Amino acid sequence: MKLQGIRTISKRYSSAVNWFPSSTTPTKWTKYRFPYLYQLTQRVPAMEQQIRSCSTIPPKRSAATLAPQTMEKQTEKTSVLPMQPVPIQREPDTGINVPPMLGILEPPKQNHKVHEALRDSYGREHTYLRLSLTEKCNLRCLYCMPEEGVPLTPSEKLLTIQEIDRLTNLFVALGVNKIRLTGGEPTVRKDFDEIVSVIGNVDGVKTFGVTSNGIVLRRKLEHLAKNGVTRLNISLDTLDPAKFERITRRPGIHLVLESINAALRMTDVFDPVKINSVVMRGVNDDELGSFVEILRRQPKLQTRFIEYMPFDGNQWNEPKFIPYQEMKTKIEEHFQGEKMEKYVEKPAIPPMSPSLLSQPPTKASAWAHKTAKLYAMPSLMGKIGFVSSMSENFCGGCTRLRITADGNLKVCLFGKSEVSLRDAMRVHKATDDD
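What comes next concerns the included structure. (Residues numbered from 1 in each chain as written. Predicted model: local features only at pLDDT ≥ 70, side-chain atom pairs only at ≥ 80, totals over all residues. Heavy atoms only, no water.)

## Overview of the sheet that holds strand β11 (residues 383-387)
Inference 1: The strand order across the open sheet formed by twelve strands is β9-β10-β11-β8-β7-β6-β5-β4-β3-β12-β13-β14, and the pairing between neighbours is mixed. Looking at strand neighbours, the two that pair on one side only are β9 (341-342) and β14 (419-420), the edges of this open sheet.
Inference 2: Across the sheet, helix α9 (residues 253-264) lies against β6 (231-235), β7 (273-279) and β8 (301-307), angled at about 160 degrees from β6, the strand it touches most. (Pairing = 2+ DSSP bridges. Helix = DSSP H or I, 4+ residues; strand = E, 2+ residues; numbered from the N terminus. Contact = heavy atoms within 4.5 Å. Axes fitted to C-alpha atoms, helices over the stretch in contact; angles between N-to-C directions.)

Spelled out as structure tokens, the structure:
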């Protein structure tokens, strides 16, 4: 009987590794990506031997110790850059211009509310979960999807609302505190409102966001606000109606603009509102200045320019690619030489074990690890962001986990390794403890 608990752990792990696709080596994947599970099994033989040689065993750890069930719910607040230009100083070690008022960041402390299962071999704590609700979309953007669409997963193979609720609670119990709903286009899913309500009632979610193309978003804003959504990312690649139809292969720019304007009238709830624009040379790069002009009187708005990335079927080619430094130069030229200043909203380095850091993080390295490199200009109230996925990636600071619409867990958007959580629940009848 004394060995029963240890053997149960070993048995559950052996069952768990069978969830991995045949193309993945589960032991190797677990050992290097999430070492906690691997180390657990390595300790089993020694623990069995210890029990054989002892008359008593240590008390069993409670589930609350392994995975805290509740966290205080709070809404993140965003600082606003003063209207006056911030003086700039040069940091000797890096040579990067940064606002001096932020000072050198202290080495991040380990967050003991995050379970070891969410801490990777580099000490990063993966506390940000992106949930894709559907593969469907009501647009056919040139950079995202071929005109004929893509083969869709049958609806019965998508995660149900009950499975989404279960997974959300499990990941939050382990330490996830930021959740974003994505797609496809998440608002086209028929039970979108119910899913928002379910996630909004989960204790421990500090930041709840939605990414949308804005076509039907305006009708959803009140419901989002009532259920704790505070962050909105709305895709808009052009301000020209004819060009919008060429890029998206669908009409509807007026609907997107209505959604953005409606969200900006609710900035007591949605702070900030972000416009995402994929920039392509010869397509919409001539509108960089026009997008930035919107920020003159909108302090709660961010315009984020995303580098054009290759995806299956989007016919990516290098001549259309524009690195973010070139975009930055074009914008400064539009504003007749007015220079951008790096803007650090808050420390961006993910929680890491201090022993894994080669040197204490600085405000410059915090800025560099943000998903969007933020800039401010003296004449603007809003902020400019650049998502430099191609020219200067931010993989070293990534703390994201992704669950696809059909229930596969991914740790990288471009990674091939996936774990089917759907099959673990439906086929293997896994319990929450598993």
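## Structural notes on the side chain of T168
Inference 1: Looking at the secondary structure, you find T168 in helix α5 (residues 161-174).
Inference 2: On the basis of relative accessible area, T168 is assigned to the buried category, the value being 1%.
Inference 3: When near neighbours in sequence (up to four residues on either side) are disregarded, T168 contacts L131, I179, I199 and V202. (Buried < 20%, exposed > 50% of the residue type's maximum accessible area, 1.4 Å probe, protein only.)

## Focus on the pattern of salt bridges
Inference 1: Enumeration over the complete set of coordinates arrives at 18 salt bridges.
Inference 2: The shortest N-O distance in the salt bridge between D120 and R124 comes to 2.9 Å. Side by side, D120 and R124 carry an identical accessibility label, which is buried.
Inference 3: Here K410 makes a salt bridge to E418, at a shortest N to O gap of 3.4 Å.
Inference 4: Judged by its relative accessible area of 8%, K410 falls in the buried class. (Salt bridge = Lys/Arg side-chain N within 4 Å of Asp/Glu carboxyl O.)

## Digging into the nonpolar core
Inference 1: Ranked by size, the top nonpolar core spans 79 residues in total, and within it F171, L181, L224, F305, I331 and I384 carry the most contacts.
Inference 2: Of the residues forming this core, the biggest block, six residues, is contributed by α9.
Inference 3: Once you skip the residues sitting within four places of it in the chain, L181 turns out to touch L131, L133, P186, F192, I195, V196, I199, F208, G209, V210 and T211. (Core = buried A, V, L, I, M, F, W, Y, C linked by side-chain atoms within 4.5 Å.)

## Observations concerning the environment of T134
Inference 1: Position of T134 relative to the elements: it lies in the loop between β3 (128-132) and α5.
Inference 2: Note: C-alpha distance between T134 and L159 (25 residues apart in sequence) is 9.1 Å.
Inference 3: Those residues in contact with T134, other than ones at most four positions away along the chain, are T182, G183, G184, E185, P186, V188 and A405.
Inference 4: In this structure the side chain of T134 is engaged in a polar contact, spanning 3.0 Å, whose partner is the backbone nitrogen of K136. (Polar contact = N/O pair within 3.5 Å; in protein donor to acceptor, adjacent residues only side chain to side chain.)

## Quick look at unusual backbone geometry
Inference 1: G184 follows G183 through a cis peptide bond whose omega is 15 degrees.
Inference 2: Among the structural elements, G184 can be located in the loop between β4 (178-182) and α6 (192-200).
Inference 3: Residues D271 and P272 are joined by a peptide bond in cis, for which omega reads 0 degrees.
Inference 4: The residue P272 is located in the loop between α9 and β7 in this model.
Inference 5: Residues other than glycine seldom take positive phi values, yet R249 does so here, at roughly 60 degrees.
Inference 6: Mapped onto the secondary structure, R249 falls in the loop between α8 (241-248) and α9.
Inference 7: By relative accessible area, which is 25% here, R249 ends up partly exposed.

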